[in-house]
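# Chain and residue survey
If you want the building blocks of each chain, they are given just below.
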Amino acid sequence: MASAEPRPEQPPLQALRDAADRLRVRALRATSAAGSGHPTSCCSAAEIMAVLFFQAMRYRARQPAHPSNDRFVLSKGHAAPLLYAAWAEAGFLKEPELLNLRKIDSDLEGHPTPRLPFVDVATGSLGQGLGAACGMAYVGKYFDRASYRVFCLLGDGEVSEGSVWEALAFGSHYRLDNLVAIVDVNRLGQSEAAPLGHDMDVYRRRCEAFGWNTDVVDGHAVEELDEALRQAAQVKGKPTAILAKTYKGRGVPGVEDAENWHGKPMPKDKVESIIGAIQSRIQTHEVLVPQRPIEDVPQISIAGICMPSPPEYALGDKVATRKAYGVALAKLGAASERVVALDGDTKNSTFCELFKQAHPERYIECYIAEQNMVSVALGCAARDRAVVFASTFAAFFTRAFDHIRMGAISRANLNLCGSHCGVSIGEDGPSQMALEDIAMFRAIPGCSVFYPSDAVSTERAVCLAANTKGICFIRTSRPETPVIYPPEETFEIGQAKVVRTSAADRVTVIGAGVTLHEALAAAAELAKQGNPRSGGGHELAAPGSSDPLSLPGIHIRVIDPFTIKPLDAATIVTSARATGGRILTVEDHYREGGIGEAVAAAVAGEPGVVLQSLAVCGVPRSGKPAELLDLFGISTKSIVAAVKNTFAN
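The written sequence of each chain sets the order in which its residues are numbered from 1. For a predicted model such as this one, the threshold for reporting local features is a pLDDT of at least 70, and the threshold for listing and counting side-chain atom pairs is 80 or more; totals across whole chains, interfaces and linings nevertheless cover every residue. In computing side-chain properties, one takes all heavy atoms of the structure into account and sets aside hydrogens as well as water.

Note the cut-off: UniProt positions are given in the numbering used here, feature names are shortened, and annotations may be inferred rather than shown by experiment.
As annotated in an unreviewed UniProt entry, the protein carries the name transketolase and is attributed to Mauremys mutica. Under the UniProt heading Subunit (unreviewed entry), the entry covering the protein gives this text: "Homodimer." As recorded by UniProt, the Sequence similarities (unreviewed entry) comment attached to the protein reads in full: "Belongs to the transketolase family."

## Structural notes on the sheet that holds strand β17 (residues 563-565)
The cut-off we apply is this: By definition, two strands form a pair when at least two bridges between them are found by DSSP. Under the scheme used here, helices are H or I runs from DSSP no shorter than 4 residues and strands are E runs no shorter than 2 residues, and both carry numbers assigned from the N terminus. Helix axes are fitted to C-alpha atoms over the stretch in contact, other axes to C-alpha atoms as well, and angles between N-to-C directions run from 0 to 180 degrees.
Overall, mixed pairing links the seven strands, which are arranged β8-β7-β9-β10-β12-β11-β17 in an open sheet. Bordering the open sheet on either side are β8 (363-365) and β17, each of which pairs with just one other strand. Taken pair by pair, the neighbouring strands of this sheet meet at an average axis angle of 20°, ignoring direction. Where strand β9 (residues 387-393) and strand β10 (residues 414-419) come together, five bridges link them in parallel fashion.

## Some details on the nonpolar core
The test is simple: For the purposes of this section, nonpolar cores are sets of buried Ala, Val, Leu, Ile, Met, Phe, Trp, Tyr and Cys residues that join through side-chain atoms within 4.5 Å. For each residue, the accessible area found with a 1.4 Å probe, counting protein chains only, is set against the maximum for its type, and the residue is called buried under 20%, exposed over 50%, and partly exposed in between. The contact criterion used is simple: two residues touch if any of their non-hydrogen atoms lie within 4.5 Å.
Of all hydrophobic cores here, the largest spans 86 residues; its most connected members are L130, L342 and I364. Element by element, the count of residues in this core is highest for helix α5 (residues 129-143), at nine residues. With residues up to four places along the chain from it excluded, the contact list for I364 reads Y138, F143, F170, Y174, V340, A341, L342, D343 and C380.

## Focus: helix α10 (residues 321-335)
The line we're drawing: The span you would expect from a helix comes to 1.5 Å times its residue count less one.
Here α10 is 15 residues long and its end C-alpha atoms lie 21 Å apart, about the 21 Å a rise of 1.5 Å per residue gives. In terms of burial, α10 is a largely internal element, 11 of the 15 residues being buried. Of all the positions in α10, only T321, R322, A324, Y325, G326, A328, L329, A330, K331, L332 and G333 are classed as buried.

## Section: the UniProt feature "domain: Transketolase-like pyrimidine-binding" (unreviewed entry) in the protein
As recorded in UniProt, the sites labelled "domain: Transketolase-like pyrimidine-binding" (unreviewed entry) are residues 319-483. Here residues 319-483 is 39% helix and 21% strand, with 7 Å between the C-alpha atoms at its ends.

## Remarks on the packing of aromatic side chains
Heads up, the rule is: Each aromatic pair joins two rings of Phe, Tyr and Trp (for Trp, the six-membered one) with centres within 6.5 Å, and gets the label stacked for planes under 30 degrees apart, edge-to-face for over 60, and tilted for any other angle.
Counted under the stated rule, the structure contains 22 aromatic pairs. When the centroid spacing of 5.4 Å and the interplanar angle of 75° are considered together, the rings of F53 and F72 count as edge-to-face. Taken together, the positions of F53 in helix α3 (residues 46-56) and F72 in strand β1 (residues 71-74) put the pair 19 residues apart, joining distant regions of the chain. Across the pair, exposure class does not vary: F53 and F72 are buried alike.

## Some remarks on the sheet that holds strand β5 (residues 240-245)
Taken in spatial order, the five strands make up an open sheet running β1-β2-β3-β5-β4, and their pairing is parallel. The strands lining the two open edges of the sheet, one partner per strand, are β1 and β4 (213-218). Along the sheet, successive strands turn relative to each other by an average axial angle of 20°, direction set aside.

## A look at the pattern of salt bridges
Quick reminder of the rule: Salt bridge, as used here, is a side-chain nitrogen of Lys or Arg placed within 4 Å of a carboxyl oxygen of Asp or Glu.
Counting across every chain of the model gives 33 salt bridges. Taking the shortest distance from any N to any O, the salt bridge between R26 and E95 comes out at 2.8 Å. Remark: E95 occurs in the loop between α4 (80-89) and α5 and R26 occurs in helix α1 (residues 13-34); sequence separation between them is 69 residues. Of the residues examined, E95 reaches a relative accessible area of 41% and is grouped as partly exposed. Residues joined by salt bridges that share partners form a network here, namely D21, R24, E47 and R281.

## So, the pairing of strand β3 (residues 179-185)
Using the following cut-off: Consider the strands pointing away from the viewer: the crossover is right-handed when the path from the first strand over the helix to the second runs clockwise.
Most of β3 is tucked away: seven of the seven residues are buried. Once you follow strand β2 (residues 150-155) into helix α6 (residues 162-173) and on to β3, the crossover reads as right-handed. Pairing analysis gives six bridges linking β3 to β5, with the strands arranged parallel. What sits directly across from V185, in β5, is K245.

Pasting the structure below:
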């Protein structure tokens, strides 16, 4: 193991106190210049940040994203000006930049985002930072096996979020002794006092009950903070929680510990006098130098991961896409030792268990805590240290939507697989049926939404997702469906497959997952039937033919979109033109936000296109899959009837 460079002489305590006051001054000036922000939330945590950044943490100040640096997550993201002030104190940011806080042309946003190289995950939606820190610490301890540590600063208000306690349970279960959480207990929330106020004993007992080494300190006493962080570095087998009793607006006369100052800059006519009072306490102007990291992080590459072999399926094999996902993930894990899988105690249903069986050292069980699972996954993916897949029932990702949304703001490369979609899961009933998930993930900026329809396309989706930037969602189904693609079939994001076509096609039918197979069955059924005639005597001639009876049967073109986002609009429009402008979509999803609406957006403005959508309406119920497909009008016979109705109308 490489050794750290010699550390400069330990800074005296007064230098740390003075650094804290300089952080306060910078935060006050920045928020005053912006005319908005949270200076009182910054002031309460100034000593914490000074001791962290200039005593406890090891990092290269000129290279904030260096892989060997200690990690820092500001979970109380509204204190962003304090974070920016710390990096100015460290020499990475120039002092004048701080006055550009919250301006349109500045990366110093109101809450931290990875536009800045020293921010690994976006924060600001409270209660999520500790989960991400857990993911970073897990990678550091178990995958990188490196010396870097992870520090997370939380506010006391956000510990009302259940996801914080999910993260606390995760951290202790996995014995993350390289993780330190510091809670800034400044008593006041946004609109009133936090529920526990300054009852530090209750905070302590709760953290200890979750299995954390816990220390209560005066958060404005740098010597107590220093000692607590030193002791945390010696603790083995459990993470450390430091509960720091502080006062909101510390050091600001008339504002300290006063209500109704959350999110308000100091009055412009008083800010300079406030700053002057703080500066009068500063006794030294020593430039503090952070300790350099131990550079023992392994060099890795996660680019260009390829499957070691083609899919091992034959045409006609009946395989559930959820099982094909597990098979593909295990194969991908053999191709790269940096592929990591997480699941929320559903691995025997999502088939993530196949990955665990093949690569147990890279499987992370997150139990029934989907919010935390997503945040841990974001932390695992930070700084490109892993290719991360997380799976559960697609319905349960709705619980973690805010964490997924923040993942997009974090510019994370994260792959999520949701199984058991739609009414086709059958008897388990509506609580388990994902019918909103396509809409949810379509709304995530930059998200790729895969909806594979057989085992081969599922395996291709897994490999594509592993090599795609941003968030990827793979929607898998419970029923076993036939393999329709040969192993050598290639797939691309945003490229649909026309799986059935002829010159006589009269309607374009678009389905995905189980409904693609229903559409193919409907195509076979319609081809056996005679040409339709409407009750009014109208006939529809086949393309290229003036005689509607010149070709036997009714022919429809069937399209597998493969990705719902981005959608292959060009193929859909071309097919619509070839089939007289008639499109029928059929999906095991609610109408709102689903495939039908995606297709409607794709063909908007295309003259002569008539779109009909078959989708699930209303809250479903338990039943056999075939019964439910019939009941909600997305079965083969429903498609046959809808195609015929296009002629009648």
